[in-house]
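# Architecture and fold: a report
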Amino acid sequence: MRSTCLTPHAPRAASTARVVIAARLPRSEISTVSARKDQNVSSPEYGEWPFLGLLKELGIRCDPQLLDLALTHRSYAFENGGIPTNERLEFLGDAVLEVGVTDYLYRAFPDKPEGQLAKLRSAVVSTVSLGRLARRLGIGPRIKLGKGEERTGHDKTSILADTTEALLGAVELSSGLPDVLRLVHHLFDPLVDEADRSGAGTDWKTVLQEYCAEQGFEAPRYDIVGSGPDHNRRYCARAEVDGKLHAAYTGHNKKEAEQGAAQLAVAALIPPRTGA
């Protein structure tokens, strides 16, 4: 896909890899985390889980114990004697993700200023974006949750996003930084390109407000209505410009909904530029 990806390490023997992983983990995580057979973590069927199938396709390994740890939500850990959670792996995966996405942004868009690059990155690594990717990779059903989270947690966007980052952390510890960056580029480079095409790095509310000022209109207003349960809340927004309501946009939060509504209003009010 890209010629700028780092060259991966040569394959390591499994026993050597386990020693390296153990040396990088705290004793509590080494001694108390073990793969659970009832979740097929120790010997997973690649065809049953898209995430593991992708790792196999890319030739990237993930240690079964680290995989199990990455799937261990704090609610499950609390109900099972305070075993380690995936939060440390999430911390690591968040950093890996930011490095990989930032690297691609810097190389792929040499003419964009820092501010636009930052907005694109925020759109791609947002909780909503990560949750959407997690659903595509079938991560939700594999997460180990406490009884209080079992009913809705497997599809809760914030839990899906956190677990995705934890899985990246597990891959980094298992296979090293070059391999996990290959995975990040494979998953997120297309999302960056899509975000750029859709104008995700543009502050559409500012664009619409500037248009209104130029036309002598009052500042745009947003009519927004929330619906759905707390774990899966949706917000529907419409922008009102000069007394006219424009098309509705539904998002996972108010900010996303208003940005989407502003973009739809801009598309209706400002003709696209055509080439000469």
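The notes below deal with the structure included here. None of the values given here were measured: they were computed from a predicted structure.

### Comments concerning the overall build of the protein chain
Broken down by element type, the protein chain carries 13 helices and 3 strands. Out of the 276 residues belonging to the protein chain, those deemed buried represent 41%. Of all intrachain contacts in the protein chain linking residues separated by at least 6 positions in sequence, the fraction that spans at least 24 positions is 64%.

### Focus: the packing of helix α6 (residues 87–108) against helix α11 (residues 177–197)
At a closest axis distance of 9 Å, the pairing of α6 and α11 adopts a crossing angle of 55°. By the angle between their axes, α6 is oblique relative to α11. Crossing handedness for the pair α6 and α11: right-handed. Facing α6, whose interface residues are V96, L97, V99, G100, V101, D103, Y104 and L105, α11 presents L177, V180, L181, V184, H185, F188, D189, V192 and D193. Residues of the contact of α6 with α11, tallied by class, amount to 12 nonpolar, 2 polar and 3 charged.

### Focus: the layout of surface pockets
Taken as a whole, the largest pocket spans an internal volume of roughly 960 Å³. A123, V124, S126, A200 and E256 are the residues nearest the centre of the largest pocket, which is lined by 28 residues in total. Counting only elements with at least two residues in the lining of the largest pocket, the list comes to α7 (114–124), α8 (127–136), α11 and α13 (254–269). No other element matches α8, which puts 6 residues into the lining of the largest pocket. Looking at the lining of the largest pocket, its residues break down into 9 nonpolar, 12 polar and 7 charged.

### Let's talk about the nonpolar core
Core analysis: the largest hydrophobic core is formed by 48 residues, its most contacted members being F51, L55, L67, V171, L183 and F188. Listing elements by their share of this core, those giving two or more residues are α3 (50–58), α4 (64–70), α6, α7, α8, α10 (157–175) and α11. With near-sequence residues (within four places) excluded, L55 lies in contact with I60, C62, V171 and L183. Within the second largest apolar cluster, 13 residues are counted, among which are Y211, C212, A239 and V241.

### A look at the sheet that holds strand β1 (residues 221–227)
As summarised here, the arrangement of the 3 strands in space is β1-β2-β3, forming an open sheet in which the pairing is antiparallel. Each having just a single partner strand, β1 and β3 (244–251) make up the two edges of the open sheet. Averaged over all neighbouring strand pairs, the angle between strand axes comes to 20°, with direction disregarded. Where β1 meets strand β2 (residues 234–241), 7 bridges bridge the pair, whose relative direction is antiparallel.

Procedures and definitions
Residues numbered from 1 in each chain as written. Predicted model: local features only at pLDDT ≥ 70, side-chain atom pairs only at ≥ 80, totals over all residues. Heavy atoms only, no water. Helix = DSSP H or I, 4+ residues; strand = E, 2+ residues; numbered from the N terminus. Buried < 20%, exposed > 50% of the residue type's maximum accessible area, 1.4 Å probe, protein only. Contact = heavy atoms within 4.5 Å. Axes fitted to C-alpha atoms, helices over the stretch in contact; angles between N-to-C directions. Parallel < 35°, antiparallel > 145°, perpendicular 65-115°, else oblique. Left-handed = near helix turned anticlockwise from the far one by under 90°. Nonpolar A, V, L, I, M, F, W, Y, C, P; charged D, E, K, R; others polar. 1 Å grid on protein atoms, 1.4 Å probe; cavity = no way out; pocket = protein on both sides within 12 Å on 5 of 7 lines; lining within 4 Å. Points joined across faces, edges and corners; volume = space filled by probe spheres on them. Core = buried A, V, L, I, M, F, W, Y, C linked by side-chain atoms within 4.5 Å. Pairing = 2+ DSSP bridges.

By themselves, these observations are geometric and do not establish any function.
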